[in-house]
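Each chain is listed here by its residues.
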Amino acid sequence: MNARSDREGTPRPALSRRTLLGAAALTAAASGTAYAAVNTPSSKGASGSTGTSSTSSAQRRAHTFLAAAMDAYPDHGDLRLTQSYTDQAGLFSTAFTYDNALAILAHLAVRTESGRARAVALGDALLYAQAHDPAYDDGRLRQAYNVGPYVFFDGVAQPDGFVRADGTANVGTQFGFTGTAVGDMAWAGIALSALARRTGARRFLDGAVRIGTWIEANASTDQPLGGYKFGVDGANQKLPFSSTEHNTDLVCLFGRLALLTGDPVWRQRRARARAFVEKMWQPTTGSGAGGFFYTGTNDGVTVNKSPIPEDTQTWTHLALNSRAQHSRYSRSLDWAATELAVLDRSDRTNSTVPAGQSYEGVTFSSASLLANEDAPIAEFQPKPNRNGVWFEGTAHLALALRDRAGHGDEARAHRLIASIERAQELLGTTQTIGTRPLPERAGVVSATSPLDTGFGFGYYPYRHVGATAWYLLAATRTNPLRA
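Each value, and the rule that gives it
Residues numbered from 1 in each chain as written. Predicted model: local features only at pLDDT ≥ 70, side-chain atom pairs only at ≥ 80, totals over all residues. Heavy atoms only, no water. Helix = DSSP H or I, 4+ residues; strand = E, 2+ residues; numbered from the N terminus. Buried < 20%, exposed > 50% of the residue type's maximum accessible area, 1.4 Å probe, protein only. Contact = heavy atoms within 4.5 Å. Areas by Shrake-Rupley, 256 points an atom, 1.4 Å probe, with all protein chains shown as cover. Pairing = 2+ DSSP bridges. Core = buried A, V, L, I, M, F, W, Y, C linked by side-chain atoms within 4.5 Å. Polar contact = N/O pair within 3.5 Å; in protein donor to acceptor, adjacent residues only side chain to side chain. Expected span 1.5 Å × (residues − 1). Axes fitted to C-alpha atoms, helices over the stretch in contact; angles between N-to-C directions. Parallel < 35°, antiparallel > 145°, perpendicular 65-115°, else oblique. Left-handed = near helix turned anticlockwise from the far one by under 90°. pLDDT = per-residue confidence, 0-100. Phe/Tyr/Trp six-rings, centres within 6.5 Å; stacked < 30°, edge-to-face > 60°. Lys NZ or Arg CZ within 6 Å of the ring centre and 35° of its normal. Salt bridge = Lys/Arg side-chain N within 4 Å of Asp/Glu carboxyl O.

Side note on the overall build of the protein
Helix and strand content of the protein: 12 helices and 19 strands. Per-residue burial over the protein gives 62% buried out of 483 residues. Partitioning the contacts of the protein with sequence separation of at least 6, the portion at a separation of at least 24 is 71%. Accessible area for the protein stands at about 16500 Å²; split by element, carbon and sulfur atoms hold 49% of it.

Re the sheet that holds strand β13 (residues 303–304)
Pairing is antiparallel in the open sheet, where 3 strands are placed in the order β9-β12-β13. Two strands in the sheet have a free side with no partner beyond their single neighbour: β9 (242–243) and β13. Where strand β12 (residues 296–297) and β13 come together, 2 bridges link them in antiparallel fashion. The residue of β13 that forms the bridge with glycine 296 is asparagine 304.

Description of the nonpolar core
If you look at the biggest cluster of nonpolar residues, it comprises 117 residues, and the most contacted ones within it are Ile215 and Trp470. Considering each element in turn, this core owes the most residues, 11 residues, to helix α4 (residues 182–199). Counting 20 residues, the second-largest nonpolar core is a separate cluster that includes Ala89, Phe153, Ile377 and Tyr460.

Let's talk about the side chain of aspartate 99
With respect to the element layout, aspartate 99 can be found in helix α2 (residues 97–109). Only 2.7 Å separates the side chain of aspartate 99 from the side chain of serine 84, close enough to count as a polar contact.

Quick notes on the pairing of strand β14 (residues 341–345)
The side-chain alternation of β14 yields one buried face, formed by Val342 and Asp344, and one unburied face, formed by Ala341, Leu343 and Arg345. With 5 bridges connecting them, β14 and strand β15 (residues 358–362) associate as antiparallel partners. Each bridged residue has a counterpart across the sheet, and for leucine 343 the counterpart in β15 is glutamate 360.

Some thoughts on helix α3 (residues 113–131)
Note that an α-helix has 3.6 residues per turn; residues three or four places apart therefore point the same way. Over its 19 residues, α3 runs 27 Å from end to end, which matches the ideal 27 Å to within 8%, given 1.5 Å per residue. Gly115, Arg118, Ala119, Val120, Leu122, Gly123, Ala125, Leu126, Leu127, Tyr128, Ala129 and Gln130 are the residues of α3 that are buried.

Quick notes on the packing of helix α10 (residues 391–404) against helix α11 (residues 409–426)
Between α10 and α11, the least distance of the axes is 8 Å, while the angle of their chain directions is 150°. Relative to α11, α10 is oriented roughly antiparallel. In the packing of α10 onto α11, the handedness of the crossing is left-handed. Mapping the contact onto sequence places Phe391, Thr394, Ala395, Leu397, Ala398, Leu401, Arg402 and Arg404 in α10 and Asp409, Glu410, Arg412, Ala413, Leu416, Ile417, Ser419, Ile420 and Ala423 in α11.

Considerations on the confidence of the model for the protein
Scored by pLDDT, the protein comes out at a mean of 89, with 88% of its residues at no less than 70. Scored below 50 in pLDDT, residues 1–51 shows 207 contacts in the model against residues more than four places distant or in partner chains.

What about the packing of aromatic side chains?
Summed over all chains, the structure comprises 32 aromatic pairs. Their ring planes at 5° and their centres at 4.4 Å tell us that phenylalanine 92 and tyrosine 150 sit as a pair that is stacked. Of the two residues, phenylalanine 92 sits in the loop between α1 (53–70) and β3 (94–96) while tyrosine 150 sits in strand β5 (residues 150–151), which places them 58 residues apart along the sequence. Owing to a relative accessible area of 9%, tyrosine 150 belongs among the buried residues under this scheme. Grouped by ring-pair contacts, the aromatic residues Tyr85, Phe92, Phe96, Tyr150, Phe152, Phe153, Phe175 and Phe177 constitute a single cluster. Across the ring face of tyrosine 136, the terminal group of arginine 140 is positioned such that the distance to the ring centre comes to 3.6 Å. Here arginine 328 stacks its cationic end above the ring of tyrosine 329, 4.3 Å away from the centre of that ring.

Side note on the environment of glycine 456
Within the fold, glycine 456 resides in the loop between β18 (451–452) and β19 (458–459). For the pair glycine 456 and alanine 378, spaced 78 residues apart in the sequence, the C-alpha separation amounts to 7.1 Å.

Some thoughts on the packing of helix α8 (residues 311–320) against α10
The relative placement of two packed helices is expressed as an angle between their axes plus a distance between the axes. Running from amino to carboxyl end, α8 crosses α10 at an angle of 35°, the nearest separation of the two axes being 9 Å. In this structure, the crossing between α8 and α10 has a hand that is left-handed. Seen from α8, the contacting residues are Asp311, Thr314, Trp315, His317 and Leu318; seen from α10, they are His396, Leu397, Leu399, Ala400, Asp403 and Arg404.

Things to note about the pattern of salt bridges
This model, assessed by the stated rule, comprises 20 salt bridges. Close ionic contact of arginine 269 with glutamate 216 constitutes a salt bridge, the shortest N to O distance being 3.4 Å. Of the two residues, arginine 269 is situated in helix α7 (residues 265–279) and glutamate 216 in helix α5 (residues 202–219); the sequence distance between them amounts to 53 residues. Note on accessibility: arginine 269 and glutamate 216 belong to one class, buried. A salt bridge links glutamate 425 to arginine 441, with the nearest nitrogen and oxygen atoms 3.2 Å apart. One end of the pair, glutamate 425, is in helix α11; the other, arginine 441, is in the loop between β17 (436–437) and β18, with 16 residues separating them in the sequence. Look at the salt bridges and you will find they share partners, linking Arg61, Glu425 and Arg441 into a network.

In C-alpha cells, the structure reads:
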C-alpha cells in the first residue's frame, strides 16, 4: 500500500488486493478472503515450531500488533474491528473482512484467555455488521468497513467508528469497498464456525449458516465448470467469474457447516465447490511441467491459464487434505516453492530492503516474476521489484509444508518462518495505526518491496494484519482450512 500524489498534490491510495473487487483485471483470481477453524496444537506445543525463546517472543510481538490494530480507536466504542494496515498505507481506518476473519483465527491459535476474548469480540463485530447493514438484511458482509475517523483525500471528514451514529455498520464506501466477495464471506464463515466450536455459542454458528445460505443463493452456478461465482459488486450486480481460491474456501466452510449442523445439504454444496477446484488442476506432463492449480474462469467455460497465483497452490493442499487422500495435489507445494521463489535484497531493481538485509520467500503469482520494473504497478504507485517477497503467501507455504511433513519440508518451512520473523524485527519501523505508534518490532509487512501481483494491484512494505495472522497460524501449526 502506498500513498502517492496526483498532479494537484492530493494524496491517492495504492490499491490493496481487495480493492479491485469485481474488476475485470482480476481474471477470476483469488480475492484473498479470510479464515478457518483452529486445530489442536501439535506435540511441539502451541508456542511454535522450534521451541526457542526468540520464536516465542516473535509470536508474542505479532499478537501484540494484532491487539494494537484492534484497539486503535478507543473513543469509538468496544464494538470494533481491526484496522488492516498501518496508516502509512493510505487506507486510513479500513478494516477488511478477510483480515478480520484471519485475526479471529490467529487470536484463537495463540490459545490464551486474552486471545480468546479478542476473537469473540471480533466475531460479535462481524455478526453486528451482518445484522446492521445499511441496505441489506440477507446475511451478507461487505468487503471492508471503517473503524475510526479520518479526513478523506477529497477533504470530506469520515467522523464515525465502526458503528455509525444511526446504528448501522460503517461500510467502506470512500474506497468503494462495498461489494461482497464469496471468498471474504467464506473466510468470515470459517472464523465464525471456529468460534462456534471453541465457545459453543449458537450465535456464531447461526451467523456462519447465514453466510453459507447467502453464498448458495447468490453465487451457485450450473455453468459447465460449475462451482460458485465471485459474488456481487457494490451495486449488487452478480460478478461473472469464478475463483479457485474462493471455491477452496467453500470446501472448508461447507464441510464445517455439515459437521456442525448435521444437515447433509452442506456436504452436497461442499462437493460442488470441490469439483470445481479439481477441474482447475493441471497434472504433471511427461516433460515435468504442470503440477499446479489454475486461478479460475471468467465465463464458467474456459479455464484461465495465466497468471498462476501462489494461494491456489497452498490453500488447496490445506483444504483438500492432499497429504492423506490426494497426494497428487500436494505437488502444488513443490511448484509454488520452486517456481515462485524469490530473494529480495537492496541490490535488486526497485528494492526497498535496507542494505545488508535479505529475505527469502515466494511472490504472489507467475506474473509477478515478469513485472515491468520500468513502469508503476498502477497509477500513483511505485515501480515493482520482481524479487519482492510476499509474506502472507510465504506463511501459507510454510504452513502447508509443515502440514505435508515430507522429506525436507520442515527445514524449508523453518527457513521461511525465520525470514518472516526477521522482517518483523527490521521492516516497517516507525509506522502507526490510528496515529498511535506501534509496539517495537511488532507486525509483519505485506511485502519486502513494492510487488506487482499481476492482477492489477500491488503489495507494499506496510505492516499488515493479514500477513501477521498468517505468520501466527504457520508458527503454531494451525491449519485454518481443514474441516
